[in-house]
Amino acid sequence: DSGVTQTPKHLITATGQRVTLRCSPRSGDLSVYWYQQSLDQGLQFLIQYYNGEERAKGNILERFSAQQFPDLHSELNLSSLELGDSALYFCASSVGGVPTDTQYFGPGTRLTVL
Amino acid sequence: DAKTTQPNSMESNEEEPVHLPCNHSTISGTDYIHWYRQLPSQGPEYVIHGLTSNVNNRMASLAIAEDRKSSTLILHRATLRDAAVYYCILRGTTSGTYKYIFGTGTRLKVLA
């Protein structure tokens with residue numbers, strides 16, 4: 001158990017819908033990262049927040065957005081969902097927000113878009 | 001952006017050493033080399049990282065080439081529990097922005 005929690009574990013929805021994925025980082029960690037893992041593209045970094053501020057951006061689509069709240073939990077919002085958005089979404093956390101940090105990954109949320 | 005290249009899969013016998021290679025020929029001077037592994041049905045977990053020198057920890061060793069264009073993760077005695085996908089990742093900054101680039105990973109199969 002990494003100490004990072006993600007809810008829900010599974011999510012099934014239809015094309016065009018909007019969903020919110022939630023992540024609670026390990027106690028004491030200030031940085032949160034979101035990744036998408038699909039069969040054809042592997043693990044893709046989406047976005048990083050540090051203490052409420054966006055710190056790094058990867059291959060995140062404009063239909064996706066994220067935020068980190070004052071209690072440090074984070075939410076990833078996915079809108080206008082397409083079939084290709086079906087994937088595992090992982091959240092990770094780290095103490096600081098620099099590249100040398102060890103990232104601790106949650107168990108993931110499996111999103112299925114029908 | 002700098003990328004990493006890894007073999008798709010490798011096999012090893014239990015209790016034998018395993019050398020997992022990673023090519024990162026376009027690595028920049030500030031990039032750290034990280035290795036994570038992903039066990040079945042789990043999120044990735046940290047294994048080891050380094051910048052220029054070889055590194056050891058209780059899980060593995062990391063050998064980094066002198067020109068930093070390649071590295072090798074060494075598991076000294078593979079166990080069945082080590083069967084996983086191993087990712088070689090570059091972490092650094094580009095134009096002041098942090099980057100986290102995963103490779104395609106090597107699926108390690110450990111034979112009993």
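Residues numbered from 1 in each chain as written. Chains lettered and ligands numbered in written order. Predicted model: local features only at pLDDT ≥ 70, side-chain atom pairs only at ≥ 80, totals over all residues. Heavy atoms only, no water.

Student: How do you make sense of the sheet that holds strand S7 (residues 64-68) of chain A when you look at a structure like this?
Tutor: Strand pairing in a sheet relies on backbone hydrogen bonds, with the paired strands running either antiparallel or parallel. Residue and element names in this part refer to chain A. Spatially, four strands are ordered S1-S3-S8-S7 in an open sheet, and the strand pairing comes out antiparallel. Looking at strand neighbours, the two that pair on one side only are strand S1 (5-7) and S7, the edges of this open sheet. Averaged over all adjacent pairs, the angle separating strand axes in this sheet is 15 degrees, with direction ignored. Here S1 runs beside strand S3 (residues 19-24); their pairing, made up of three bridges, is antiparallel. Counterpart to Gln6 in the pairing with S3 is Cys23. (Pairing = 2+ DSSP bridges. Helix = DSSP H or I, 4+ residues; strand = E, 2+ residues; numbered from the N terminus. Axes fitted to C-alpha atoms, helices over the stretch in contact; angles between N-to-C directions.)

Student: For this particular structure, what's the right way to read the interface of chain A and chain B?
Tutor: Quoted interface sizes are often the accessible area lost when the parts come together. With 18 residues of chain A at the contact, the number on the chain B side is 15 residues. Buried area between chain A and chain B, summed over both chains or domains, comes out near 1500 Å², and the portion from carbon and sulfur atoms is 62%. Taken as a group, Leu43, Pro99 and Thr100 of chain A account for 38% of the area that chain A buries against chain B, more than any other trio of residues on that side. There are zero salt bridges connecting chain A and chain B. Counting every contact that joins chain A to chain B gives six residue pairs in polar contact (both at pLDDT 80 or more). When residues of the side of chain A that touches chain B are traced back to their parent elements, those giving at least two are strand S4 (31-38), strand S5 (42-50) and strand S6 (53-57) of chain A. Per-class residue counts for the side of chain A that touches chain B are nine nonpolar, seven polar and two charged. (Contact = heavy atoms within 4.5 Å. Buried area = accessible area lost by both parts, 1.4 Å probe. Salt bridge = Lys/Arg side-chain N within 4 Å of Asp/Glu carboxyl O. Polar contact = N/O pair within 3.5 Å; in protein donor to acceptor, adjacent residues only side chain to side chain. Nonpolar A, V, L, I, M, F, W, Y, C, P; charged D, E, K, R; others polar.)

Student: Looking at this structure, I do not really get the packing of aromatic side chains. What am I missing?
Tutor: How two aromatic rings sit relative to each other is set out by the distance from centre to centre and by the angle between their planes. Using the criterion set out here, one finds six aromatic pairs over all chains in the structure. Plain terms: the ring middles of Phe64 of chain A and Tyr89 of chain A are 6.5 Å apart, the flat faces sit at 70 degrees to each other, and that makes the pair edge-to-face. On the criterion of sequence distance, the pair formed by Phe64 of chain A in strand S7 and Tyr89 of chain A in strand S9 (residues 87-94) is long-range, its members being 25 residues apart. When its relative accessible area of 6% is taken as the criterion, Phe64 of chain A is described as buried. Taken together, a centroid distance of 6.4 Å and an interplanar angle of 80 degrees make the contact between Phe90 of chain A and Phe105 of chain A edge-to-face. Taken as a pair, Phe90 of chain A in strand S9 and Phe105 of chain A in strand S10 (residues 104-105) lie far apart in primary sequence, 15 residues in all. Relative accessible area serves as the criterion here: at 1%, Phe90 of chain A is assigned to the buried category. Here a set of aromatic residues connected by ring pairs shows up, and it is made of Tyr35, Phe45, Phe90 and Phe105 of chain A together with Tyr36 and Tyr46 of chain B. Above the ring of Tyr104 of chain A, the side-chain terminus of Arg26 of chain A is found at 3.7 Å from the ring centroid. (Phe/Tyr/Trp six-rings, centres within 6.5 Å; stacked < 30°, edge-to-face > 60°. Buried < 20%, exposed > 50% of the residue type's maximum accessible area, 1.4 Å probe, protein only. Lys NZ or Arg CZ within 6 Å of the ring centre and 35° of its normal.)

Student: I keep staring at the pattern of salt bridges and nothing clicks. Help me out?
Tutor: A pair can form between side chains of opposite charge whenever their charged atoms are brought close. All names here are of chain A. Overall, the coordinates contain six salt bridges over all chains when judged by the stated rule. Two residues, Asp29 and Arg26, come together in a salt bridge whose shortest N-O distance is 2.9 Å. Here Asp29 falls in the buried class, since its relative accessible area comes to 1%. Look at Arg26 and you get partly exposed, because its relative accessible area is 22%.

Student: I tried to follow the state of the cysteines on my own but got confused; where do I start?
Tutor: As used in these notes, a disulfide is a covalent bond between sulfur atoms, one from each of two cysteines. The full count for this structure, using the stated rule, is two disulfides over all chains. Here Cys23 of chain A engages in a disulfide with Cys91 of chain A; their sulfurs sit 1.8 Å apart. Looking along the S-S bond of the Cys23 of chain A-Cys91 of chain A disulfide, the torsion reads about -50 degrees, which is the left-handed sense. Taken as a pair, Cys23 of chain A in strand S3 and Cys91 of chain A in strand S9 lie far apart in primary sequence, 68 residues in all. The residues Cys23 of chain A and Cys91 of chain A share a single accessibility class, namely buried. Bridging Cys22 of chain B to Cys88 of chain B, the disulfide has an S-S length of 2.1 Å. Disulfide Cys22 of chain B-Cys88 of chain B: torsion about the S-S bond near -85 degrees, hence left-handed. Here Cys22 of chain B, found in strand S2 (residues 18-23), pairs with Cys88 of chain B, found in strand S8 (residues 84-94); they are 66 residues apart in sequence, far enough to count as distant. (Disulfide = S-S within 2.5 Å.)

Distances and angles like these do not, on their own, reveal function.
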